[in-house]
Amino acid sequence: KVGNHDTEWTRVKKVLSFALPQWKNKFSVDVTLLSDLYDRLKDNNYFIDAVLFKNEVIDFRNTKGDTYVMAFDIGTTSIVGYLLNADTSEQVAVVSMLNPQTQYGGDVIMRSTYAIENGVSYLTDVVRAGLNELINNAVEEAGINSSDIYMLSIVGNTCMHHLLLGISPKALVHAPYNPVISEKLELYAKDLSLNINSRGRALILPNIAGFVGADTVGVLLATKFDKLDKLTLAIDIGTNGELVMGNKDRMVACSTAAGPAFEGAKIKCGMRGKEGAIDHFKFDGDKVQYSVIGDVVPIGICGSGLMDIVASLLEAGIVDESGKILSEDELETTVAIANKSRLTVIDGERVFILYEGEAPVFISQKDIREVQLAKGAMAAGVELMAKKLGIEINDIEQVLIAGAFGNYMSPESACRIGLIPRILENRDVPIGNAAGEGAKMAAINYEEFTRSESIARKAEFLELATTPEFEDCFVDHLEF
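Residues numbered from 1 in each chain as written. Predicted model: local features only at pLDDT ≥ 70, side-chain atom pairs only at ≥ 80, totals over all residues. Heavy atoms only, no water.

### Here we look at the nonpolar core
Filter applied, for reference: Joining through side-chain atoms within 4.5 Å is the link that ties buried Ala, Val, Leu, Ile, Met, Phe, Trp, Tyr and Cys residues into a set, and such a set is a nonpolar core. Note on classification: 1.4 Å probe, protein chains only; a residue is buried when its accessible area is under 20% of the maximum for its type, exposed when over 50%, partly exposed between these limits. Helix numbering and strand numbering both begin at the N terminus, where a helix is a DSSP run of H or I of at least 4 residues and a strand a DSSP run of E of at least 2. We call two residues in contact whenever any of their non-hydrogen atoms come within 4.5 Å of each other.
The biggest cluster of nonpolar side chains holds 70 residues, and the ones touching the most others in it are Phe262 and Ile417. Here this core gets 11 residues from one element, more than from any other, and that element is helix H10 (residues 365-389). If near-sequence neighbours (up to four positions away) are discounted, Ile417 is found in contact with Phe262, Met307, Val310, Ala311, Leu314, Val371, Lys375 and Phe480. One finds Ile74, Leu134, Ile196 and Ile204 within the second-largest nonpolar core, a separate group that totals 39 residues.

### Points about the packing of aromatic side chains
Definition in use: Classification of ring pairs rests on two measures: the distance between centres of Phe, Tyr or Trp rings, Trp counted by its six-membered ring, which must be within 6.5 Å, and the angle between planes, read as stacked under 30 degrees, edge-to-face over 60 and tilted in between. Consider the ring centre and the ring normal. A charge sits over the ring if Lys NZ or Arg CZ is within 6 Å of that centre and within 35 degrees of that normal.
If you walk through the whole model with that rule in mind, you get seven aromatic pairs. An angle of 40° between the planes, with centres 4.6 Å apart, marks the rings of Tyr104 and Tyr114 as tilted. Of the two residues, Tyr104 sits in the loop between strand E6 (91-98) and helix H3 (108-118) while Tyr114 sits in helix H3, which places them 10 residues apart along the sequence. Classification of Tyr104 by relative accessible area gives buried; the value is 17%. Accessibility expressed as a relative area gives 25% for Tyr114, which makes it partly exposed. Taking the centre distance of 6.2 Å and the plane angle of 85° together, the rings of Tyr114 and Tyr122 count as edge-to-face. The exposure class assigned to Tyr122 is partly exposed, which follows from its relative accessible area of 41%. What links up through ring pairs into an aromatic cluster is the set Phe53, Tyr446 and Phe449. In this structure, Lys190 packs its charged tip against the face of Tyr188, placed 5.6 Å from the ring centre.

### Some points on H3
Spelled out, the test is: Note that the arc is computed from the directions linking the helix axis to the C-beta atoms.
Listed in full, the buried residues belonging to H3 are Val108, Arg111, Ser112 and Ala115. Mapping the buried residues of H3 onto a view down its axis gives an arc of 100°, with all of them on the same face. Check the buried side of H3 and you find it contacts helix H4 (121-142) and helix H5 (158-165). Following H3 by one or two positions, Gly119 adopts a phi angle in the positive range, close to 100°.

### Topic: the environment of Glu370
Its place among the elements puts Glu370 in helix H10. By relative accessible area, Glu370 is classed as buried at 15%. When the C-alpha atoms of Glu370 and Phe262 are compared, they prove to be 9.3 Å apart, with 108 residues separating the residues in sequence. Ignoring anything within four residues of it in the chain, the contact list for Glu370 reads Ala261, Lys266 and Ile267.

### A few points about the packing of helix H6 (residues 214-223) against helix H13 (residues 434-444)
Here is the rule: For helices, the fitted axis covers only the stretch in contact; all axes are lines through C-alpha atoms, and the angles between them, taken along N-to-C directions, range from 0 to 180 degrees. Every angle not falling under 35 degrees, over 145, or within 65 to 115 is termed oblique; those three ranges are roughly parallel, roughly antiparallel and roughly perpendicular. Residues are grouped as follows: nonpolar covers Ala, Val, Leu, Ile, Met, Phe, Trp, Tyr, Cys and Pro; charged covers Asp, Glu, Lys and Arg; every other residue, Gly included, is treated as polar.
Relative to each other, H6 and H13 sit at 75°, their axes nearing to 7 Å. Put simply, H6 runs roughly perpendicular to H13. Between H6, through Asp215, Gly218, Val219, Leu221 and Ala222, and H13, the contact on the second element is made entirely by Ala434, Ala435, Glu437, Gly438, Met441 and Ala442. The residue inventory of the contact of H6 with H13, partitioned by class, reads seven nonpolar, two polar and two charged.

### What to know about the sheet that holds strand E16 (residues 343-346)
Sheet strands line up and pair through hydrogen bonds in the backbone, either parallel or antiparallel. Our working rule: Note on pairing: two strands pair once DSSP finds at least 2 bridges between them.
Reading across from one edge, E16-E17-E18 is the order of the three strands in this open sheet, with antiparallel pairing throughout. Because the sheet does not close on itself, it has two edges, and the strands there are E16 and strand E18 (361-364). Pairs of neighbouring strands in the sheet enclose a mean axial angle of 50°, with direction left out of account. When E16 meets strand E17 (residues 349-355), the two strands line up antiparallel, connected through four bridges. Paired with Thr344 across the strands is Val351, a residue of E17. Relative to the sheet, helix H8 (residues 303-316) contacts E17 and E18, its axis offset from that of E18 by approximately 65°. Set on the sheet, H10 makes contact with E17 and E18; between it and E18 the angle comes to about 60°.

Here's what the structure looks like:
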């Protein structure tokens, strides 16, 4: 009910108070939106649509139309964006790109060093430009306007978080490796130079620690980790490997420098999981058998293929438990002897040839050492987290494998090389890009965004680098 002498804004507030009684007249508005409010109301017979962020009116629309939000997972290697209908939660577009910051370094340490030496703005500007490119691609695919997007939610590791916000990562590379800021943030998207509705918001999920970021919080949000009864190990294998162990009663998180090998970095023929990559490998009898993304001639090896290759070479007796590629006269098994012609030396290094073409694809001795370093760090993290929780590895009831890599990874191969304890082999559950799912949940449901803060604060951080037992534990896990 409105009075004849009510202002136009009072009329709007009365209706909003009826629809949203929890705010009861405590509504705010950008005064610039009031400029044409009288005309809007008159022209539309007093039927207009108000878009709100909590209790703030951020737009008036002449007719009821779809509104949109977008969720981003900013990975060290790649960025994925999801465009969602805010009313129905329907996903209407998915877009992705190589993180443009890779031109300044393939990992967080290299990028941090560049930012410290040359200024953070270079890395900040390119990632924001990348997000805008993805926004443009998404709205084009969905056939909408970028002004129809009213909110973004963003997850990423702590370094990606700082670089997006224009915060120097210096604190992350010096002991005690703490983030400059860790709590959740609500910002105007325009203040991050992100091209959505001019009054749209950017929700930045919180970090846990210097190398366990908002992407891990996204995983915990998506899996409802804080509500789980089962003792659970969650693993997100990206350029860094983040681990969380526990359940609703207690959870411990840590980070390991495990991912580069499984994303193709530091591997002679390594590449991302795209067309031309060997993604699976095995011996069929004594014959080499592999699959290639896109069913084309192989040009390299992606993470899931690398894991299968190492596991298969171990089983075949071509690589021993120390990680050494055996020489021809050391081979003993039928499979190994049948494939001895694949053993050769390239650039002074012993290799096993996978594809014998004009541009051969192979795995080298150094590649296997990189896998050992990666899996040794991950396995040590698992052991030390269990010790901190006071549990045995066998007490873990499920292993959630997050990340796109988890969808393609063979659990058998992961357990064979020791990335995951072998006793847990039948407890693996691939959960896809859970970090992105968590970002989507936060974009659609503000309560989930709020809950992300409590999850982040509940997680206990285990700093492996300063844990006295880590070095010995790591060395113990280097052998296959």
